[in-house]
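Chain and residue survey
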Amino acid sequence: RFDFLYFPIDFRTRAALGYAFLNLVTPEDAHEFWLRINGYSNWSLPSSKVCAVAWSQPHQGLAAHVARYRNSPLMHESVPDAYRPVLYHEGVRVPFPPPTKKIKPPRQGTERMLV
């Protein structure tokens, strides 16, 4: 069971960056996920990639992830929903808490993205 998921996607290529941030609800959920996913390599398409599970640093726990992303440029109105982190409660997607300050559009260097 998880309550937070962020799957980073490159704004230019629209390709996944190859990693994700997932917050598991309990230590038992984290342990089970680790056992099932770490080392996974049975992809539907040919690939030599092997999944590696690791603890996120410095952000741990739902509150830390929400605090990290709620005022992020990812939450700007110009960013499509598919690019944003998402929250779940008991398996159902729930709204992300609103930002606490004005959100700037995403940039790469001095270039604005998605605008």
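Residues numbered from 1 in each chain as written. Predicted model: local features only at pLDDT ≥ 70, side-chain atom pairs only at ≥ 80, totals over all residues. Heavy atoms only, no water.

**Re the pattern of salt bridges**
Put simply, the rule is: A carboxyl oxygen of Asp or Glu within 4 Å of a side-chain nitrogen of Lys or Arg is what we treat as a salt bridge. Segments assigned H or I by DSSP are reported as helices when at least four residues long, segments assigned E as strands when at least two residues long, and all are numbered from the N terminus. Only protein chains enter the accessibility calculation, which uses a 1.4 Å probe; a residue whose area is less than 20% of its type maximum is buried, one above 50% is exposed, and one in between is partly exposed.
On inspection of all chains with the given rule, the structure shows three salt bridges. Here Arg1 and Asp29 are joined by a salt bridge, their closest N and O atoms 3.2 Å apart. With Arg1 in the segment before β1 (2-6) and Asp29 in helix α1 (residues 27-37), this pair connects stretches of sequence that are 28 residues apart. A relative accessible area of 60% places Arg1 in the exposed class. Looking at Asp29, the relative accessible area reads 14%, which means it is buried. A salt bridge links Arg36 to Glu32; the shortest N-O distance between them is 2.5 Å. On the criterion of helical spacing, the pair formed by Arg36 and Glu32 is a turn pair, its members being four residues apart in helix α1. When its relative accessible area of 36% is taken as the criterion, Glu32 is described as partly exposed.

**Digging into the layout of surface pockets**
Filter applied, for reference: Using a grid of 1 Å spacing that covers the protein atoms alone, one calls a set of points a cavity when a 1.4 Å probe fits there but cannot get out, and a pocket when the set is open and has protein on both sides within 12 Å along at least five of seven lines; lining residues are those with an atom within 4 Å of a point. Grid points are joined across faces, edges and corners, and a volume is the space filled by probe spheres set on the points. Ten residue types, Ala, Val, Leu, Ile, Met, Phe, Trp, Tyr, Cys and Pro, are classed as nonpolar, four, Asp, Glu, Lys and Arg, as charged, and the remainder, Gly among them, as polar.
Its volume calculated, the largest pocket comes out at about 950 Å³. Forming the walls of the largest pocket are 32 residues, and the residues nearest its centre are Ala20, Leu22, Phe33, Ala52 and Val53. Sorting elements by how many residues they give to the lining of the largest pocket places α1 first, with five residues. Grouping the constituent residues of the lining of the largest pocket by class yields 23 nonpolar, eight polar and one charged.

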